[in-house]
Amino acid sequence: MNANVGGIDKILRIAAGLVLIALAIMGVGTPWTWIGVVPLATGLMGWCPAYSIFGLNTCPMKKA
């Protein structure tokens, strides 16, 4: 698993995941707010399986 989530993308995923999980814990919204676990996990790991499938990469390239 090579990192394919970087920078701003990672920050936005973590923030969105935390907000959705907080809403789920507070009982606001629907049970679907627990889906916030997915962006939180992908943001923390720095790897997104959907990005791998579609060949996307927001992680900056390492210069040799």
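Scroll up a little and you will see the structure.
Here the structure is a predicted model, which means the values were calculated and not measured.

**A word on the overall build of the protein chain**
And then number 1: Across its full length, the protein chain carries three helices and zero strands.
And then number 2: Scaling as 2.2 N^0.38, a compact globule of 64 residues should have a C-alpha radius of gyration of about 11 Å, whereas the protein chain reaches 13 Å, well beyond that.
And then number 3: Based on the C-alpha atoms only, the size of the protein chain along its principal axes is roughly 50 × 20 × 15 Å.
And then number 4: Out of the 64 residues belonging to the protein chain, those deemed buried represent 27%.
And then number 5: With the model as given, the accessible surface of the protein chain reaches about 4700 Å², and the carbon-plus-sulfur share is 75%.

**Let's talk about helix α1 (residues 7–26)**
And then number 1: Between its terminal C-alpha atoms α1 stretches 29 Å, which fits the 28 Å expected from 20 residues at 1.5 Å a residue.
And then number 2: Residues D9, R13, G17, I21 and A24 constitute the buried set of α1. Axial view of α1: buried residues confined to an arc of 85°, hence all on one face. Exposed residues on α1 whose side chains face more than 90 degrees from its buried face are I8, I11, L12 and M26.

**Some remarks on a nonpolar patch on the surface**
And then number 1: On the surface, I8, I11 and L12 cluster together into a nonpolar patch covering about 340 Å² of accessible area.
And then number 2: In this fold, I11 is placed in helix α1.

**Overview of the pattern of salt bridges**
And then number 1: One pass over the full model with this rule turns up one salt bridge.
And then number 2: With a shortest N-O distance of 3.1 Å, R13 and D9 are connected by a salt bridge. Placement of both R13 and D9 in helix α1 is noted, with a separation of four residues, approximately one turn of the helix. Across the pair, D9 and R13 agree in class, each one buried.

What counts, and at which threshold
Residues numbered from 1 in each chain as written. Predicted model: local features only at pLDDT ≥ 70, side-chain atom pairs only at ≥ 80, totals over all residues. Heavy atoms only, no water. Helix = DSSP H or I, 4+ residues; strand = E, 2+ residues; numbered from the N terminus. Rg over C-alpha atoms; globule rule 2.2 N^0.38 Å. Buried < 20%, exposed > 50% of the residue type's maximum accessible area, 1.4 Å probe, protein only. Areas by Shrake-Rupley, 256 points an atom, 1.4 Å probe, with all protein chains shown as cover. Expected span 1.5 Å × (residues − 1). Arc of directions from axis to C-beta. Patch = residues over 30% accessible without salt bridge, like charges linked within 9 Å, V, L, I, M, F, W, Y side chains within 5 Å. Salt bridge = Lys/Arg side-chain N within 4 Å of Asp/Glu carboxyl O.

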